[in-house]
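The lines below spell out each chain.
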Amino acid sequence: MVEKTFGEIRDAINFGFNTVENTLRDSGNFPFIDGSAVVGAIANVMLPIGLLVFLICWSLQVMRSGLELELYEVKHFIKMGMEFIAGLLLVTIAPQICKLITAISDNMASSLLDTVSIHYADIAETLPSTDIGDFASKIPIIGVLVQWINFLWSLPSIFMYNMIVMITAGIMLFSLGIRIIKLTIYQGFAPLFIAAGANQDTKRFCINFLASYILLSLQLVVMTVVYTMFRTSFAAYLASAASITTFSWKGFFTGGIFMIIYAVIMVKSDRLFDKVLH
């Protein structure tokens, strides 16, 4: 029963960290959402609306140029025609433009993970464990009782440490999942916001959308940096430990608490550069 419980916890830990790393390498690998299908479904609805918004914004811009007598010059007439064609094209391929931006951030994140040497690929296998056989005693009768007491006494601390690691993996996965879902929704709504760029008065919505999307994509790179620091720091700590399968309260505080700190930083990754960007 105990072995089965710890096995399930470690399977969850491995799944959590593997999912985080695979998703950071390629945001399309997030297993809880079919990104292409969702983007396609949203874009099918938003694309006609985006084209309509583009026509309205472009028409208003033409009227404005006509009132300013700019449209009567040949060069401005040609300019408006080219803007119309370019606008239709950009609105149509808006989701693909967003995917290209994300692909660039994915490539940066993947390159970062590839350049860092992570000594322990399987975190769960390096966690402290306990087994009743570790407390075997040669003393008859009483020795069995002492063995069980020592074994049961070791369970809470070992279980606590494993749970801390599982919670860390869960927090990282949760934080990453929120951003992947946001990126997916942004991609679907891209035609609507790109269309707003056809008019001087609404252009700010297009600019703000692109800026927000780029910053959201760069957050994945920041999260990769934090995750890489976590993995290398955790590996270095385990490599320096006398026994990586033996629990100690010192290891719990130095390892467990700092794991939570890394997880919280991943959650707050969108606020790391607030002072710089605002």
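Every value quoted in this text rests on a predicted model; they were computed, and no experiment measured them.

Caption draft 1: Just the overall build of the protein, in detail. Scanning the protein for helices and strands turns up 8 helices and 0 strands. Starting at the N terminus and ending at the C terminus, the protein contains elements arranged as α-α-α-α-α-α-α-α. Considering the protein as a whole, with its 278 residues, one finds that 38% of them fall into the buried category. Taking the intrachain contacts of the protein between residues at least 6 apart in sequence as the baseline, contacts between residues at least 24 apart amount to 85%. By element, 70% of the accessible surface of the protein is carried by carbon and sulfur atoms, the whole surface being about 15,700 Å².

Caption draft 2: Geometry of the packing of aromatic side chains. For the structure shown, the criterion picks out 9 aromatic pairs. Ring centres of Y186 and F209 lie 5.6 Å apart, and the angle between their planes is 25°; this geometry places the pair in the stacked category. Of the two residues, Y186 sits in helix 5 (residues 142–195) while F209 sits in helix 6 (residues 203–240), which places them 23 residues apart along the sequence. For Y186, a relative accessible area of 28% gives the class partly exposed.

Caption draft 3: How the structure looks around the side chain of Q61. Among the secondary structure elements, Q61 is positioned in helix 2 (residues 35–67). A residue is classified by how much of its surface remains accessible, and Q61, at 10% relative accessible area, is buried. Reaching out from Q61, the side chain makes a polar contact with the backbone nitrogen of Q200 at a distance of 3.1 Å. Here Q61 is in contact with M80, A198, N199 and Q200, once residues within four sequence places are set aside.

Caption draft 4: Looking closely at the nonpolar core. Counting 42 residues, the largest nonpolar core has F17, V20, L24, M172, L176, Y227 and F230 as its most contacted members. Listed by contribution, the elements that provide at least two residues to this core are helix 1 (2–25), helix 2, helix 3 (74–92), helix 4 (94–115), helix 5, helix 6 and helix 7 (249–267). A per-element tally of this core places helix 5 first, with 12 residues. Those residues in contact with Y227 that sit more than four places away from it in its chain are F17, V20, E21, L24, L113, M172 and M266.

Caption draft 5: Region of the structure containing the side chain of N199. Here N199 lies in the loop between helix 5 and helix 6. Here N199 falls in the buried class, since its relative accessible area comes to 5%. Here the side chain of N199 touches C57 through a polar contact of 3.1 Å, landing on its backbone oxygen. Discounting chain neighbours no more than four positions away, the residues touching N199 are C57, L60 and Q61.

Caption draft 6: Region of the structure containing a nonpolar patch on the surface. On the surface, a cluster of nonpolar side chains totalling about 520 Å² of accessible area is made up of L100, I104, M108, I214, L215 and L218. For the nonpolar patch, the secondary-structure elements that each account for two or more residues are helix 4 and helix 6. On the secondary structure map, L218 appears in helix 6.

Caption draft 7: How the structure looks around the environment of L60. Turning to its location among the elements, L60 is positioned in helix 2. Taking the C-alpha atoms as reference, L60 lies 9.0 Å from A198; in sequence the two are 138 residues apart.

Here is what the cut-offs are and how they apply
- Residues numbered from 1 in each chain as written.
- Predicted model: local features only at pLDDT ≥ 70, side-chain atom pairs only at ≥ 80, totals over all residues.
- Heavy atoms only, no water.
- Helix = DSSP H or I, 4+ residues; strand = E, 2+ residues; numbered from the N terminus.
- Buried < 20%, exposed > 50% of the residue type's maximum accessible area, 1.4 Å probe, protein only.
- Contact = heavy atoms within 4.5 Å.
- Areas by Shrake-Rupley, 256 points an atom, 1.4 Å probe, with all protein chains shown as cover.
- Phe/Tyr/Trp six-rings, centres within 6.5 Å; stacked < 30°, edge-to-face > 60°.
- Polar contact = N/O pair within 3.5 Å; in protein donor to acceptor, adjacent residues only side chain to side chain.
- Core = buried A, V, L, I, M, F, W, Y, C linked by side-chain atoms within 4.5 Å.
- Patch = residues over 30% accessible without salt bridge, like charges linked within 9 Å, V, L, I, M, F, W, Y side chains within 5 Å.
- Salt bridge = Lys/Arg side-chain N within 4 Å of Asp/Glu carboxyl O.

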